[in-house]
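A closer look at the structure
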Amino acid sequence: MTDLDLEVFSDLSKRLDYNLPELPLYVRKGSLHQFNNHAAVAHWHVDLEFIYVLKGTMDFSVNGSITRLHQGDGLFVNSQRLHYGYAIADHDDCSFLVVVIHPSILGEKASYIQTYWEEKFSSKMADFVVLTNQEDWQQDVLLSIQELYREMHTEQRHPNPLRLVAQALSLCATIGDQLKPVSGQPGVLTHVQEMTHFIHQNYDQKITLEEIASAGAVCRSRCCQLFNKYVGQSPSNYVTQYRVQKSCEMLKETRRSISEIALACGFQSSSYFSSIFRKQMGVVPQHYRKQVTINDSK
């Protein structure tokens, strides 16, 4: 795996590709250009997520609320919130650090700490927190994200797991002190999560609008409204984007043929797959595979 890794925005039904075995901590560098149309796929997970913008600008949606992040800004995304980042204009890029922390980092017998975690990072608390340099505690969080990345990716020695866990829990503790209860959390997010989950589980099959709406227990028109508001696109466009993302992973991680990948990702034919892929990624699947192979060998 490279630092520029799609897995951070991957299927909500799986854990992320954490850096170290048995340490549920994801600390990597990413860039919007790695995603089709410079936009990540909307997703959610139980992990807490921290973003720090290294260069450029991007918009970031959390439960339908959009925040613009500039170089030096950061963002905390609470557990199980639907979120994704995307370019402000076509082909604008943005590089960033991302830290994702799973609650199992607390261990199996930390019941008192787990109770605190469940209270602080529940649906009753704020969805996200914007991080700038305006307050000391925000500066501390932004610096901690950068320090955690340096510790994880040090070239001189193996990372110290105790220091990694200590830094990760320090991040959680600092942000936990700042989270406040909020009222009026939209119950509709459950419907959206159920519909995106259905797509993630069935992208390799033919999917109809009726099936997507049924997964969220809503009508077709309501389904389209919810996707446009919280996912930023229509259900059909989301299905296509997710299929292309999964195909990118297969092109990079397997030796399966283009025809096999096309069928495995729910496309009717390899020619149709290549046409859609080129529109989304700017190159045909064969050229994309060559590019990522070259980049991984560097």
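The numbers attached to residues start from 1 for each chain and follow its sequence in the written order. Totals for whole chains, interfaces and linings use every residue, but because this is a predicted model, local features are given only for residues with pLDDT of at least 70 and side-chain atom pairs only at 80 or more, for both listing and counting. Each side-chain value is worked out from all heavy atoms of the structure, with water and hydrogens disregarded.

Things to note about the sheet that holds strand E4 (residues 65-69)
Two modes of strand pairing occur in sheets, parallel and antiparallel, and in both the strands are linked by backbone hydrogen bonds. Operational definition: We call two strands paired when DSSP finds no fewer than two bridges between them. Only DSSP runs of H or I covering at least 4 residues are called helices, and only runs of E covering at least 2 are called strands; the numbering of each starts at the N terminus. A fitted line through C-alpha atoms represents every axis, and for helices the fit uses only the stretch in contact; the resulting angles, taken between N-to-C directions, go from 0 to 180 degrees.
Strand order in the open sheet formed by three strands is E4-E3-E6, with antiparallel pairing between adjacent strands. Each edge of the sheet is formed by a strand with only one pairing partner; in this case those strands are E4 and strand E6 (83-86). Neighbouring strand axes in the sheet, compared pairwise and without regard to direction, differ in orientation by 20° on average. Taken together, the five bridges between strand E3 (residues 58-62) and E4 define a ladder with antiparallel strand orientation. Bridging across to E4, Val62 finds its partner in Ser65.

So, the packing of helix H4 (residues 188-202) against helix H6 (residues 220-231)
As a reminder, the rule being used: For classification, angles of less than 35 degrees are called roughly parallel, those exceeding 145 degrees roughly antiparallel, those between 65 and 115 degrees roughly perpendicular, and all remaining angles oblique. Any pair of residues with heavy atoms lying within 4.5 Å of one another is described as a contacting pair. In this classification, the charged set is Asp, Glu, Lys and Arg, the nonpolar set is Ala, Val, Leu, Ile, Met, Phe, Trp, Tyr, Cys and Pro, and all remaining amino acids, among them Gly, are polar.
Orientation of H4 relative to H6, taken along the N-to-C sense of each, is 95°, at an axis distance of 10 Å. One element, H4, and the other, H6, form an angle in the roughly perpendicular class. From H4, Val188, Leu189, His191, Val192, Met195, Thr196 and Ile199 reach across to H6, where they touch Arg222, Cys223, Leu226, Phe227, Tyr230 and Val231. In the contact of H4 with H6, the residues fall into ten nonpolar, two polar and one charged.

Focus on unusual backbone geometry
Quick note on the threshold: When a residue's accessible area, from a 1.4 Å probe over protein chains only, is under 20% of the maximum for its type it is buried; when over 50% it is exposed; and in between it is partly exposed.
Look at Gln80: it is not a glycine, yet its phi comes out positive at around 60°. Tracing the chain through its elements places Gln80 in the loop between strand E5 (74-77) and E6. Positive phi, normally seen in glycine, also occurs at Ala217, with a value near 55°. Relative to the assigned elements, Ala217 resides in the loop between helix H5 (209-215) and H6. Residue class for Ala217 comes out exposed when judged on its relative accessible area of 64%.

Considering helix H7 (residues 235-253)
The cut-off we apply is this: The span one expects for a helix is its residue count, reduced by one, times 1.5 Å.
Spanning 19 residues, H7 covers 27 Å between terminal C-alpha atoms, matching the ideal 27 Å at 1.5 Å per step. Here H7 lies mainly inside the structure; 14 of its 19 residues are buried.

Looking at the layout of surface pockets
Operational definition: For cavity detection a 1 Å grid was placed over the protein atoms alone, and a set of points counts as a cavity when a 1.4 Å probe fits there but cannot get out; an open set counts as a pocket when protein lies on both sides within 12 Å along at least five of seven lines, with lining residues being those that have an atom within 4 Å of a point. Grid points are joined across faces, edges and corners, and a volume is the space filled by probe spheres set on the points.
Here the second largest pocket is characterised by a volume of approximately 400 Å³. Lys206, Ile207, Val239, Arg243 and Gly266 are, among the 18 residues lining the second largest pocket, the residues nearest its centre. Taken together, the elements giving at least two residues each to the lining of the second largest pocket come down to H5, H7 and helix H9 (270-281). The element that contributes the greatest number of residues to the lining of the second largest pocket is H7, accounting for five residues. Classifying every residue of the lining of the second largest pocket by side-chain character gives nine nonpolar, six polar and three charged.

Concerning H4
The end-to-end C-alpha separation of H4 is 22 Å, in line with the 21 Å expected for 15 residues at 1.5 Å each. Taken together, the buried residues of H4 touch H5, H6 and H7.

Details of the confidence of the model for the protein
Stated precisely, the cut-off is as follows: Per-residue confidence from the predictor is given as pLDDT, running between 0 and 100.
For the protein, the mean per-residue pLDDT works out to 88, and 91% of the residues sit at or above 70. For the protein, per-element mean pLDDT is lowest for helix H10 (residues 285-297), which scores 80, and highest for E5, which scores 98. Below pLDDT 50 for its whole length, residues 1-14 participates in 60 contacts with residues either more than four positions away or in separate chains.

As for the packing of aromatic side chains
Note the threshold: A pair of aromatic rings is counted whenever rings of Phe, Tyr or Trp (Trp by its six-membered ring) have centres within 6.5 Å, and the orientation is called stacked for planes under 30 degrees apart, edge-to-face for over 60 and tilted otherwise.
Evaluated as defined, the whole model comprises eleven aromatic pairs. Their ring planes at 75° and their centres at 5.5 Å tell us that Tyr203 and Tyr242 sit as a pair that is edge-to-face. Of this pair, Tyr203 sits in the loop between H4 and H5 while Tyr242 sits in helix H7, and the two are 39 residues apart along the sequence. In this pair, the class of Tyr203 matches that of Tyr242, namely buried. Judged by centre distance (5.7 Å) and plane angle (65°), the ring pair of Phe227 and Tyr238 falls under edge-to-face. Note that Phe227 is positioned in helix H6 and Tyr238 in helix H7, a separation of eleven residues in sequence.

Regarding the sheet that holds strand E2 (residues 48-56)
As summarised here, the arrangement of the five strands in space is E1-E7-E2-E5-E8, forming an open sheet in which the pairing is antiparallel. Strands at the two margins of the open sheet, each flanked by one partner only, are strand E1 (25-31) and strand E8 (128-131). Here the average twist between neighbouring strands, direction ignored, is 15°. By the bridge criterion, seven bridges tie E1 to strand E7 (residues 94-101) in an arrangement that is antiparallel. Of the residues in E7, the one forming a bridge with Val27 is Val99. Along the sheet face, helix H3 (residues 161-178) touches E1, E2, E5, E7 and E8 and points at about 95° away from the line of E2.

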